[in-house]
Amino acid sequence: LEEKVPGVSSGINAEYGGVVLRVDYFSLFSLKPSYSIDLADLSYRYKELQRQYHPDKHTQSSEAAQEEAAAQSAILNEAYKCLQDPFCRAKILLEGVGQEAIVSTMESTFLMEMMSFNDEVELCEDLESIYHIRASNEAGLKGLFKEFQLHFEAGNTAIAADRLTKCKFLLQIRERIDQREEFINLNI
C-alpha cells in the first residue's frame, strides 16, 4: 500500500501485525471529535475507505502489502464499529481529554437502584413485564447519553464521566434483560 489509512501513526493504542499504532478514530473518517455525529455520513465515509483499503483490492500485491491492507482494514472496521456505538464513542472522547468512567466513584444511592433494577429483571416472569423493564432501561440510557453529551460539550468532563459510568450499568442491565427475555421465550 502506498498510502496508509489517514489518522493512523506509530505510537500506542492498537497492535496489528506486530506494529503498535496510535489510532484516532475520528481522524480516520475526517470527522471532528464530537459525541454527536451523522451516522449516515460515517457509513458513507467508511464504505469509501473500505473500497480503497479492503484486502480484496490487494490480492495481486506482495504478501507484506496484503498483510498491511488487512491490518488497515481491521483498523477501519474497529473504528467504524466504535464510532457507531454511543458508549464506545463517549469513552474515546473522554480518553482524549484524559478522563475515565470509573465505577468506584458511584454514589451508593445509584448502586442500590441498580441492584433493585437487576432484581426486578431476575424476578420477571412474562414478556409484557420484560418489555416494560426494557423500555424503562432504554429511556434511562437515552437520558444519560444526552446528559453525557451536554456535560462533555460544556467541558464538564468529570460529570460526563459519571454519566458514562452510569450508562455502563444500564448496558449491563440491557444484557440481563436480553437473557431474561430469551429464558422467558424458551419457557412459554
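Because the structure is predicted, anything quoted here is derived from the model rather than measured. (Residues numbered from 1 in each chain as written. Predicted model: local features only at pLDDT ≥ 70, side-chain atom pairs only at ≥ 80, totals over all residues. Heavy atoms only, no water.)

Engineer: Would you mind showing me how to read the environment of Lys 47 here?
Structural biologist: Summarising the element assignment, Lys 47 is placed in helix H2 (residues 39–53). The sequence separation of Lys 47 and Tyr 80 amounts to 33 residues, and the corresponding C-alpha distance is 9.8 Å. (Helix = DSSP H or I, 4+ residues; strand = E, 2+ residues; numbered from the N terminus.)

Engineer: Please clarify how the confidence of the model for the chain should be interpreted in this entry.
Structural biologist: Within the chain, residue pLDDT values average 86, and 88% of them lie at 70 or more. A low-confidence stretch, residues 9–13 (pLDDT under 50), is modelled with 15 contacts involving residues beyond four sequence positions or located in other chains. (pLDDT = per-residue confidence, 0-100. Contact = heavy atoms within 4.5 Å.)

Engineer: Is there a simple way to think about the side chain of Thr 165 in this case?
Structural biologist: Inspection of the secondary structure assignment puts Thr 165 in helix H7 (residues 157–186). Among the residues examined, Thr 165 registers a relative accessible area of 0% and is labelled buried. (Buried < 20%, exposed > 50% of the residue type's maximum accessible area, 1.4 Å probe, protein only.)

Engineer: Just checking my understanding: could you explain the pattern of salt bridges for this structure?
Structural biologist: Two side chains bearing opposite charge may form a pair once their charged atoms approach each other closely. Enumeration according to the criterion identifies 9 salt bridges in this entry. Lys 166 is the salt-bridge partner of Glu 107, the closest N and O atoms lying 3.0 Å from each other. Taken together, the positions of Glu 107 in the loop between helix H4 (86–96) and helix H5 (108–123) and Lys 166 in helix H7 put the pair 59 residues apart, joining distant regions of the chain. Across the pair Asp 178 and Arg 134 runs a salt bridge, and its minimum N-O distance is 2.7 Å. (Salt bridge = Lys/Arg side-chain N within 4 Å of Asp/Glu carboxyl O.)

Engineer: In this structure, what is going on with unusual backbone geometry? I would like to understand it.
Structural biologist: A negative phi holds for most residues other than glycine; trans holds for most peptide bonds. For Ser 30, which is not a glycine, the phi torsion comes out positive at approximately 55°. For Ser 30, the location among the structural elements is in the loop between helix H1 (25–28) and H2. Ser 30 gets classed as exposed once you look at its relative accessible area, which sits at 57%.

Engineer: Would you mind going over the nonpolar core with me for this structure?
Structural biologist: Core analysis: the biggest nonpolar cluster contains 47 residues, and Tyr 25, Phe 29, Leu 83, Phe 148 and Leu 164 have the highest contact counts within it. Elements represented by at least two residues in this core include exactly H1, H2, helix H3 (63–84), H4, H5, helix H6 (127–153) and H7. Ignoring any residue separated from it by four or fewer positions in sequence, one finds Phe 148 in contact with Tyr 35, Ala 90, Leu 94, Ala 160, Arg 163 and Leu 164. (Core = buried A, V, L, I, M, F, W, Y, C linked by side-chain atoms within 4.5 Å.)

Engineer: Please clarify how the packing of H5 against H6 should be interpreted in this entry.
Structural biologist: Pairs of packed helices are described in terms of their axes, by the angle between the two and the distance that separates them. One way to put it is that H5 packs onto H6 with a least axis distance of 10 Å and a crossing angle of 155°. Put simply, H5 runs roughly antiparallel to H6. As for the relative orientation of H5 and H6, their crossing is left-handed in sense. Where H5 approaches H6, its residues Phe 117, Glu 120 and Val 121 are matched on the opposing element by Ile 130, Ile 133, Ser 136 and Asn 137. Taken together, the residues of the contact of H5 with H6 break down into 4 nonpolar, 2 polar and 1 charged. (Axes fitted to C-alpha atoms, helices over the stretch in contact; angles between N-to-C directions. Parallel < 35°, antiparallel > 145°, perpendicular 65-115°, else oblique. Left-handed = near helix turned anticlockwise from the far one by under 90°. Nonpolar A, V, L, I, M, F, W, Y, C, P; charged D, E, K, R; others polar.)

Engineer: Whenever I open this one, the packing of aromatic side chains confuses me. Can you help?
Structural biologist: Two descriptors summarise a pair of aromatic rings, namely the distance from one centre to the other and the angle between the planes of the rings. Summed over all chains, the structure comprises 5 aromatic pairs. Relative to Tyr 80, the ring of Tyr 46 has its centre 3.9 Å away and its plane inclined at 10°; by these criteria the two rings are stacked. Note that Tyr 46 is positioned in helix H2 and Tyr 80 in helix H3, a separation of 34 residues in sequence. Owing to a relative accessible area of 14%, Tyr 80 belongs among the buried residues under this scheme. By way of ring pairs, the aromatic residues Tyr 35, Phe 145, Phe 148 and Phe 152 are connected into one cluster. Just above the ring of Tyr 35 sits the side chain of Arg 89; from NZ or CZ to the centre is 4.8 Å. The positively charged end of Lys 166 is found above the aromatic ring belonging to Phe 110, 5.1 Å away from the centroid. (Phe/Tyr/Trp six-rings, centres within 6.5 Å; stacked < 30°, edge-to-face > 60°. Lys NZ or Arg CZ within 6 Å of the ring centre and 35° of its normal.)

Engineer: I tried to follow the state of the cysteines on my own but got confused; where do I start?
Structural biologist: In protein structure, a disulfide is the covalent linkage between the sulfur atoms of two cysteines. One pass over the structure, following the stated rule, counts 1 disulfide. In this model, Cys 82 is linked to Cys 88 through a disulfide, with the two sulfur atoms separated by 2.0 Å. Disulfide Cys 82-Cys 88: the torsion about the S-S bond is -95°, which places it as left-handed. The exposure class of Cys 88 is partly exposed, given its relative accessible area of 23%. (Disulfide = S-S within 2.5 Å.)

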